[in-house]
Protein chains: 2
Amino acid sequence: MPTIVQKFGGTSVGDPERIMRVARRVAKAREAGFDLVVVVSAMGHTTDELIALAERVSPIPDRRELDMVMATGEQVAVGLMAMALRELGCAATSLTGGQAGIRTDGVHGRSRITRIESGRLGRLLSRGEVPVVAGFQGISDDGEVTTLGRGGSDTTAVAIAAALRVADTGGCCEIYTDVDGVYTADPRIVRSACRLPRISYEEMLELATLGAGVMHPRAVLFGEKFGVPIHVRHSQKPDPGTMIARESQAMEELAVVGCALKEDLGRVSIRQIRNTIGLQGRIFTALAAANIVVDDIMQTEQGESTMIAFTVEHGDLGDAKEIVAGTLAQLGEGELSVEVGLAKVSAVGVGMKVHAGVASRMFRALAEVSIPIHNITTSEIKISCIIDKADGHKALEAVHRTFGLGLGSHATVAMQTDQARA
Amino acid sequence: MPTIVQKFGGTSVGDPERIMRVARRVAKAREAGFDLVVVVSAMGHTTDELIALAERVSPIPDRRELDMVMATGEQVAVGLMAMALRELGCAATSLTGGQAGIRTDGVHGRSRITRIESGRLGRLLSRGEVPVVAGFQGISDDGEVTTLGRGGSDTTAVAIAAALRVADTGGCCEIYTDVDGVYTADPRIVRSACRLPRISYEEMLELATLGAGVMHPRAVLFGEKFGVPIHVRHSQKPDPGTMIARESQAMEELAVVGCALKEDLGRVSIRQIRNTIGLQGRIFTALAAANIVVDDIMQTEQGESTMIAFTVEHGDLGDAKEIVAGTLAQLGEGELSVEVGLAKVSAVGVGMKVHAGVASRMFRALAEVSIPIHNITTSEIKISCIIDKADGHKALEAVHRTFGLGLGSHATVAMQTDQARA
């Protein structure tokens, strides 16, 4: 029988009643004959509460000690989940990250998984038990408890699925969440958006990075690297969800599979500066040192001088401006300006690699609804336009429509069916 | 410098403010040059809350999984304590029971410590760090998380002190609690009771078993076995406390060092039964199988028939009666009666071994205040009398007085000084 790794997030296991509900779902899958590994996050807001507690003792808690404290959240959740499964007559054993053989590089707060020693998982599975593994954590070679940082539990699940070679058994990694799959656009904004039954790792990565919050890019990257099919499903509904897998010939038939909107961006523009060797490195190293995450970088040249612009989240704009101003003062040249109230609309699809005219179609669609485009960035499978935030929803709808993603009445029916089931 | 193991209970670390207070005390002792290991219990009522959470998932939680859940309570506490110490500039590293090398026999919920692999503790100490160890837990040779049951954190502290041979360094194990030491009698009942500066392991064991709740007998036994001096101290006061150590010549000068009262006892009496081989085993095996803890057992003979009586806590009396009635029915003989509203007053002292007339002095003291004695049991260093519960306080005072434990005005002064400091 196929081996399936099922991951349940904090909301799905937020209280004893929800834990029992998830346990019933797991027990049913086990009865159907699947070999199962369950990965669980900390209950509800436990992690935030533990961080707040730590900050009452130490405003900037030591990272090693914070990991010791945070790791308990998942440990409680797996213990309770294993109890719930046993209560239902389903043999189950909880495991901390360390007990499950998840070895990390030892960096506290944002460890990377270096390998998985899957011996114990294998022994439990061969006995017919369900291992219930604490997400988000592992141990270093020194036996230190470390957490994996953002997207950690998804990564745990995909990494275990890779180590157990679930694809070879016909299985996959199921990520249970509070949405029923990946959509062609955010259904809260675009009413005709519809669920994608299938999407490639690359497309999912772009969408995840562009603000589609279904899955953390890190876990998708892991899945791509090890060829783990990732099935995104709703934790409370029996919907078919979305399968994230390698791109196939069929996927390339569509130029664009989805579009996304990232709001609340600000832009820093540097003009009248000579394009000397090392200029860009100097600017962005200073920003990175201040932990400012730069969204997109655009550069153009005009005669002797160059123009560099980049977007950041609105909250980082003030710091970014100050840091760049400092760098320009050192250089003794350059004009600085900042704009607020921007957004980014993007279209994503592996089909772009083979379909021509995708970009021009997107630009025309925005022009038709009179939306000015401030900047453009592209990757092999993505086109993004920086626009005014006020135009955001209208732009997303226009792009969604121009690539025929909504499928008209068909999509509307699908949406209504979902809501009726909810 | 001496190595000292300091253990702080759940109340002492009940919130971030108390954790900081304890951390300041630890940091001060470290600055004074002591090598320190700190053992911490779970914060406040954490353990009870985790058990209640588990019972919402599974009414009788699996013991292995309950250990996984419960062990997180101490893990949070040690992480926070280490953060607090670092915040004060005191190098500290938290350790789970497993990381501290505490190996157990693997019995979930009530493990015994089989050995301590103190390598990591030693390395931290030699680097000048304070290891902060999670009490109440350890790991089995299979890497399973197990808890030690009642008195577990005290036992962790004493076991670490034994493994580190603190006595050889001139150090000891300090148990910080919410009382300022071991008293000659419960000071809430006997106003003239005074703190004992020193008590032997044996005497402490008897007193602990008789209801003096300062320390769990298990940790005292451990201390006796490995010769660890145990210093019981108040966690918020600088009082000298009580040192529990091997009996010395000086200790035998006093026939009685303390007395205790255990209230809310019931008694089951069996009369008119032949004293056949195996009779006692049959009765008490049936009680043990029902998890009824028998307090004292007394047996006397009268001609052909024998009489067996035993005391139990009041809450167990109904079950005990039923079980004994069943056994008597099988035997086809014996008369059964139960009494409620009893108490036990005891006098304890290693000096009894060498002093004659201790028992008669105690009986006279009770007779002088007109208290009838229902039963008597004795050990090498203890005499107990079963009396009416209503006579309890008066009996404790009489016994305390007859052995000169209150030391008259001197003790009163000591008590007042303590209260003034509190």
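Residues numbered from 1 in each chain as written. Chains lettered and ligands numbered in written order. Predicted model: local features only at pLDDT ≥ 70, side-chain atom pairs only at ≥ 80, totals over all residues.

Focus on helix H7 (residues 217–226) of chain A
Given 3.6 residues per helical turn, the α-helix brings residues three or four places apart onto the same face. All names here are of chain A. Threshold: Whether a residue is buried, exposed or partly exposed is read from the other C-beta atoms within 10 Å of its own C-beta, which are placed from the backbone; 20 or more gives buried, 12 or fewer gives exposed, and intermediate counts give partly exposed. Think of it this way: any DSSP run of H or I at least four residues long counts as a helix, any run of E at least two long counts as a strand, and we number them from the N terminus. Residue pairs qualify as contacts under a 7 Å threshold applied to their C-beta atoms, which are placed from the backbone.
Taken as a whole, H7 has its buried residues at Ala219, Val220, Phe222, Gly223 and Glu224. Those residues of H7 hidden inside the fold are in contact with helix H5 (152–163), strand E9 (173–177), helix H6 (201–209), strand E11 (230–234) and strand E12 (242–245). The positive-phi residue at the C-terminal boundary of H7 is Gly227, with phi of around 60°.

Focus: the sheet that holds strand E16 (residues 335–348) of chain A
Residues and elements named next belong to chain A. We count it as follows: Following DSSP output, two strands are said to pair if at least two bridges run between them. Inter-axis angles, ranging from 0 to 180 degrees, are taken between N-to-C directions of lines fitted to C-alpha atoms, where helices are fitted over the stretch in contact.
Here we have 6 strands laid out as an open sheet, ordered E14-E15-E13-E16-E18-E17, and antiparallel in their pairing. Whereas interior strands pair on both sides, the edge strands pair on one side only; in this sheet they are strand E14 (294–302) and strand E17 (375–379). Put simply, the sheet's adjacent strands are angled 30° from each other on average, direction ignored. In terms of strand pairing, E17 meets strand E18 (residues 382–388) through 5 bridges, oriented antiparallel. By the bridge assignment, Thr378 is partnered in E18 with Ile383. Packed on one face of the sheet, helix H9 (residues 317–331) meets strand E13 (258–274), strand E15 (305–313) and E16 and runs near 125° to E16.

Some remarks on the domain arrangement of chain A
Applied cut-off: Note that the domain bounds were set by an automatic or database domain assignment.
The domain boundaries assigned to chain A delineate domain 1 (3–177) and domain 2 (259–402). Here the C-alpha centre of domain 2 of chain A lies 38 Å away from the C-alpha centre of domain 1 of chain A.

Let's talk about the packing of helix H8 (residues 279–289) of chain B against helix H9 (residues 317–331) of chain B
Helix packing for two helices is described by the angle between their axes and how far apart those axes are. Residue and element names in this part refer to chain B. How we decide: In what follows, roughly perpendicular refers to angles from 65 to 115 degrees, roughly parallel to angles under 35, roughly antiparallel to angles over 145, and oblique to any angle outside these ranges. Handedness of a crossing is defined here by the sense of rotation of the near helix relative to the far one, left-handed for an anticlockwise turn of less than a right angle and right-handed for a clockwise turn. Each residue receives one of three labels: charged for Asp, Glu, Lys and Arg, nonpolar for Ala, Val, Leu, Ile, Met, Phe, Trp, Tyr, Cys and Pro, and polar for the others, Gly being one of them.
Between H8 and H9, the least distance of the axes is 10 Å, while the angle of their chain directions is 140°. In terms of their interaxial angle, H8 and H9 are classed as oblique. Remark: the crossing between H8 and H9 carries right-handed chirality. Along the contact surface, H8 presents Arg282, Ile283, Ala286 and Leu287, while H9 presents Ala320, Ile323, Val324 and Thr327. Class assignment for the residues of the contact of H8 with H9 results in 6 nonpolar, 1 polar and 1 charged.

Describing the confidence of the model for chain A
Residue and element names in this part refer to chain A. How we decide: Residue-level confidence of the predictor is what pLDDT reports, using numbers from 0 through 100.
For chain A, the average pLDDT comes to 90, and 95% of its residues sit at 70 or higher. Here residues 408–422 is modelled with pLDDT under 50, and outside its nearest four sequence neighbours on either side it reaches 13 contacts, counting other chains as well. Scored as a complex, the prediction yields pTM 0.82 and ipTM 0.80.

Remarks on the packing of helix H6 (residues 201–209) of chain B against helix H7 (residues 217–226) of chain B
Residue and element names in this part refer to chain B. One can describe the packing of H6 onto H7 by two numbers: an axis separation of 9 Å at closest approach and a directional angle of 170°. Between H6 and H7, the crossing angle belongs to the class labelled roughly antiparallel. Facing Tyr201, Met204, Leu205, Ala208 and Thr209 of H6, the residues of H7 in contact are Pro217, Val220, Leu221, Gly223 and Glu224. Of the residues assigned to the contact of H6 with H7, the class counts are 7 nonpolar, 2 polar and 1 charged.

Thoughts on the sheet that holds strand E18 (residues 382–388) of chain B
Residue and element names in this part refer to chain B. Strands sit in the order E14-E15-E13-E16-E18-E17 across an open sheet of 6 strands; the sheet is antiparallel. A strand with exactly one partner marks an edge of an open sheet, and here the two such strands are strand E14 (294–302) and strand E17 (375–379). Direction aside, the axes of adjacent strands within the sheet are offset by 30° on average. As paired elements, strand E13 (residues 258–274) and strand E15 (residues 305–313) share 8 bridges and run antiparallel to each other. Bridge pairing in E15 places Ser269 opposite Ala309. Taken strand by strand, helix H10 (residues 358–368) contacts strand E16 (335–348), E17 and E18, and its axis lies near 20° from that of E18.

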